[in-house]
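# Notes for the structure review
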Amino acid sequence: MKIYSMPKLLIFFSMLAVVARLQAQKGSSTSFEQVIALRSVSSPMLSPDGKQIAFTVNSTDWKDNSYDTEIWLAREGEEPFQLTRATKGSSNSPKWSPDGKWLAFISSRNDKSQVFVIRPNGGEALQVSYEEEGVGSFEWSPDGKQFALAKLDPESKEEKKKKERYGGWAADDEEYRLSHLWLLDFKPDLLPLPNEMPCYEEKKDSASKSDCITYPKAVRLTEGSFTVNGFEWSPDGKLIAYTRQPNPLINFSVYTDIEVIEVANKKTRTLVKNPSVDNFVGWAPDSRQILFVSSLNDTTSYYYKNDQLFVMDLLGGKPTQLAKDFDEDISSISWNPSGIYFTAFQRTKRHLFRVDPSTGQVKPITSGNDILGGYSFSKDGKILVYSASNASALAEVFKTPLAPFKPLQITNMTKQISTWKTAVSEVITWSSSDGAEIEGVLHKPQQYDPGKKYPLLVIIHGGPTGTDVPQPVPGGVYPVLQWLEKGALVLRVNYRGSAGYGEKFRSLNLRNLGVGDMWDVLSGVDFLIAKGMVDKDRMGCMGWSQGGYISAFLTTNTDRFKAISVGAGISNWMTYYVNTDIHPFTRQYLQSTPWDDPQIYQKTSPITNIKKAKTPTLIQHGEFDRRVPIANAYELLQGLQDNHVPAKLIVYKGFGHGITKPKERLAALWHNWQWFNKYLWGEELELPVGK
């Protein structure tokens, strides 16, 4: 297998490693900063002729406290090289022009996200759109002469007048702006150069004409009281299909339909209109059919049931279901001349599958232990590029013909960790308290001694439909590598409700949240204890979001752990239900409202048994979290303090549901390192602040 090298990049990594080792946490050779600074690849996009690959590389900018994404390019027989270099903002969503002569992308380098283009052989990126509200997403027309843009409607004059007179206020679920489709001509000969501004009308004064470049302005395509989600041109360029939603609020995402609009005359018609979710996902290569996913008439269980895939003739008629026997949620669906493709988890693996459009039958394209990321095809559907990782490698970009399937590795991001003491991953299986088969990923130190008992750290993923997988550098806001090197085991549990194990498994925690999850975690702990691997007197548990909720449930319902960390977790389903931005989530999993069945809300809420709590608990939460509002954190904190349980709340200022900046992620890592090292190893550690 040939691997293209990136020597300059590797020199940078080596220098970074030397510096970071000087800052490494006590007892570990890899620092938190090194883990946060790892670069990663994603979004591989193959040129129409199959000869060039654009992909994105994400890196850490400590100075600006941000993550930066730029576009790289790989050509046959050449080293990958960086194509875009924004001095401000990132470059995302690379998309090839139909003739392969341009690469378009979204960049926020001028404050608002706009469409830019660049030649694949390099040079300056040129700005194409100058929309006051910015651009949310875009698609090339099949002839390469236009872009379809989705962008927010501008603030109305009425709204501006209201603010001027009454200040800032909004009625709940009424503060939003709709997104609609616009068309923008692409005329490369008229593109303004960097630092030049376009003018959209000819000026009579010839002197003023020299101050700007005349360039086409976007023209509105869709109208109405709805918002546009996913959209795509028909291959013949005559139509655009899109998902129509009443408004952009997440609670209204269940009420979506599918429409098409004729580009030439703006005539629209509805193709799919079921009572529940209908989402457009792709066109047939001949423009005569569309693909969509739907939950049909089901408005009460779409969070945990499988999506259903359908194909429908453009002229109407009854849709035909495809992949009927495939028991898992599917995503990243596309249709090209070689077939219909999608990705899906299969236990702790994620693969690419092909659906036969005529029979609806499914067969895997990738296999083994890979965890597939993004993918794309050449125009004829014969060549594939994709990103994938596994237990010992970071995500890399691969290229292969479909037949014979012989992946060629294009990148070498794993070189960054070649000298690290990475996690040794093992997938283990055990029986839960009710007999359900549960799987988890056990991470061991590289020098694991089977004759020794180790402290155990349990990490619980969110979702609940997330999936933990084997990987060399697990983490997030938890210092896994450092704990492994310190001499501990780390268990990550794919508890009931996790994706990859089928619809029935994802439904096992209905009206049993927390309770069944606790069975799965504690039975996994007991499984390792029975094997003689774990020191049962030195165990800790942690998680974020749904994982934070399960950790909070363990805090108030068991004293098995010496310390627990609750990240953005739910403490009271009633508090959560009335504050969150996704009310249907609670109604679906508990199958009731708190007004109709207060008992199920009490049974599954950590706060119900707060007086039984004994475990020292760290609480981490974003200040402006809408998904799990911070009221949950304060309720748990006060309950623990009133019952004399050691507890500490750390609020990450300015953040929502996740920690999305490197410096605050570094802080969160340190906070967990301090908390668990204190209660499992008896170490009192000060947060280092430098000089």
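Since the model is a prediction, treat every value here as computed from it, not as a measurement.

Of regular secondary structure, the chain possesses 13 helices and 38 strands. For a compact globule of 691 residues, the expected C-alpha radius of gyration is about 26 Å, and the chain comes in at 26 Å, within 12% of that figure. Its C-alpha atoms put the chain at 80 × 60 × 60 Å along the principal axes. For the chain, contacts bridging at least 24 residues in sequence account for 56% of all contacts bridging at least 6. Put simply, the chain shows about 30600 Å² of open surface, and 50% of that area lies on carbon and sulfur atoms. If the 79 positive side-chain charges of the chain are averaged to one point and the 77 negative ones to another, these points end up 3 Å apart.

Let us look at the sheet that holds strand E21 (residues 308–313). The 4 strands lie next to each other as E19-E20-E21-E22, forming an open sheet whose pairing is antiparallel. Single-partner strands in this sheet number two, and they are strand E19 (278–283) and strand E22 (320–322). Looking at each pair of strands side by side, their axes are set apart by 35 degrees on average, direction ignored. As paired strands, E21 and E22 are joined by 3 bridges and run antiparallel to one another. Each residue of the ladder has a partner; that of Phe-310, found in E22, is Gln-321.

We now examine the nonpolar core. Within the largest apolar cluster, 58 residues are counted, with the highest numbers of intra-cluster contacts made by Leu-456, Val-458, Leu-554, Phe-561 and Trp-573. In terms of residues, this core owes the most to one element, helix H7 (residues 515–530), which gives 6 residues. Other than its neighbours up to four places away in sequence, Phe-561 contacts Val-458, Val-521, Leu-522, Val-525, Met-539, Gly-540, Cys-541, Leu-554 and Thr-615. Among the nonpolar cores identified, the runner-up in size contains 37 residues, and Ile-459, Val-477, Ala-488 and Leu-666 belong to it.

How each quantity is defined
Residues numbered from 1 in each chain as written. Predicted model: local features only at pLDDT ≥ 70, side-chain atom pairs only at ≥ 80, totals over all residues. Heavy atoms only, no water. Helix = DSSP H or I, 4+ residues; strand = E, 2+ residues; numbered from the N terminus. Rg over C-alpha atoms; globule rule 2.2 N^0.38 Å. Contact = heavy atoms within 4.5 Å. Areas by Shrake-Rupley, 256 points an atom, 1.4 Å probe, with all protein chains shown as cover. Lys, Arg positive; Asp, Glu negative; His and termini not counted. Charge placed at Lys NZ, Arg CZ, Asp CG, Glu CD. Pairing = 2+ DSSP bridges. Axes fitted to C-alpha atoms, helices over the stretch in contact; angles between N-to-C directions. Core = buried A, V, L, I, M, F, W, Y, C linked by side-chain atoms within 4.5 Å. Buried < 20%, exposed > 50% of the residue type's maximum accessible area, 1.4 Å probe, protein only.

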